Amino acid sequence: MSFLENLGATIGGGAKTALDKGKELKDVAAIKTQIASIQANLGKLYKELGKAYYDENKEAAAYSDKMAPIKDALDKIAELEAKLMDAQGNVKCPVCGASVEAGAQFCPKCGAAMSSSDSEIPIE
Ligand SMILES: [Zn+2]
């Protein structure tokens, strides 16, 4: 092999390596994206499983150390949602529990008729 052929092979090889490196980096990024996507979905599945387990076993002793803070958090959210409804001047839908504007005739979420005592007050 002549010097020039050798040089050509070396440059060609180097160029190919850089190309491979680029492809490799692209592959790594694609694989990392796939892993992140699967992990995000896995997180969602674990969350659903946890919620299903909690709903079925909230009174059970198993995992009570994990159940108690969840119950506390849910109670706190319910308390804050009631506070929020009050602050917004809204009332709770008796059917679905949605926050409904005071005076509305129907719940915008489930369509249930709202028994608004305000609208029943005769106008004098
Ligand atoms: Zn409703």
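Residues numbered from 1 in each chain as written. Predicted model: local features only at pLDDT ≥ 70, side-chain atom pairs only at ≥ 80, totals over all residues.

### Observations concerning the overall build of the protein chain
When helices and strands are counted, the protein chain shows 3 helices and 2 strands. When the helices and strands of the protein chain are listed from N to C terminus, the series reads α-α-β-β-α. Counting every position in the protein chain, which comprises 124 residues, the buried fraction comes to 4%. Considering only residue pairs separated by 6 or more positions, the protein chain has 0% of its internal contacts joining residues 24 or more positions apart. (Helix = DSSP H or I, 4+ residues; strand = E, 2+ residues; numbered from the N terminus. Buried ≥ 20, exposed ≤ 12 C-beta atoms within 10 Å, placed from the backbone. Contact = placed C-beta atoms within 7 Å.)

### Here we look at the nonpolar core
Core analysis: the biggest nonpolar cluster contains 5 residues, these being Val91, Cys93, Val100, Cys107 and Met114. Apart from residues lying up to four places away in sequence, Met114 is in contact with Cys93, Val100, Ala104, Gln105, Phe106 and Cys107. (Core = buried A, V, L, I, M, F, W, Y, C linked by C-beta atoms within 7 Å.)

### With respect to helix 2 (residues 64–88)
Between the first and last C-alpha of helix 2 there are 35 Å, a value that for 25 residues agrees with the 36 Å anticipated at 1.5 Å per step. Little of helix 2 sits out of view: just 0 of its 25 residues are buried. With its phi angle positive at about 70 degrees, Gly89 sits one or two positions after the end of helix 2. (Expected span 1.5 Å × (residues − 1).)

### Overview of unusual backbone geometry
Residues apart from glycine generally show negative phi values, whereas peptide bonds are mostly found in trans. Residues other than glycine seldom take positive phi values, yet Tyr63 does so here, at roughly 60 degrees. Tracing the sequence through the fold places Tyr63 in the loop between helix 1 (3–57) and helix 2.

### With respect to the confidence of the model for the protein chain
On average, the protein chain scores 84 in pLDDT, and the residues at 70 or more come to 80%. Per-element mean pLDDT across the protein chain ranges from 48 in helix 3 (residues 117–120) up to 91 in helix 2. For the stretch residues 118–124, pLDDT sits under 50, and the model shows 3 contacts to residues farther than four places along the chain or on other chains. (pLDDT = per-residue confidence, 0-100.)

### Examining the environment of Cys107
Mapped onto the elements of the fold, Cys107 is located in the loop between strand 2 (99–101) and helix 3. When the C-alpha atoms of Cys107 and Val95 are compared, they prove to be 8.8 Å apart, with 12 residues separating the residues in sequence. Dropping the residues within four chain positions of it, Cys107 is found in contact with Cys93, Val95, Cys96, Ala98, Val100, Ala112 and Met114.

### Some details on the environment of Val91
Tracing the chain through its elements places Val91 in strand 1 (residues 90–92). Given 21 C-beta atoms within 10 Å, Val91 falls into the buried group. Among residues more than four places away in sequence, those in contact with Val91 are Met85, Val100 and Ala102.

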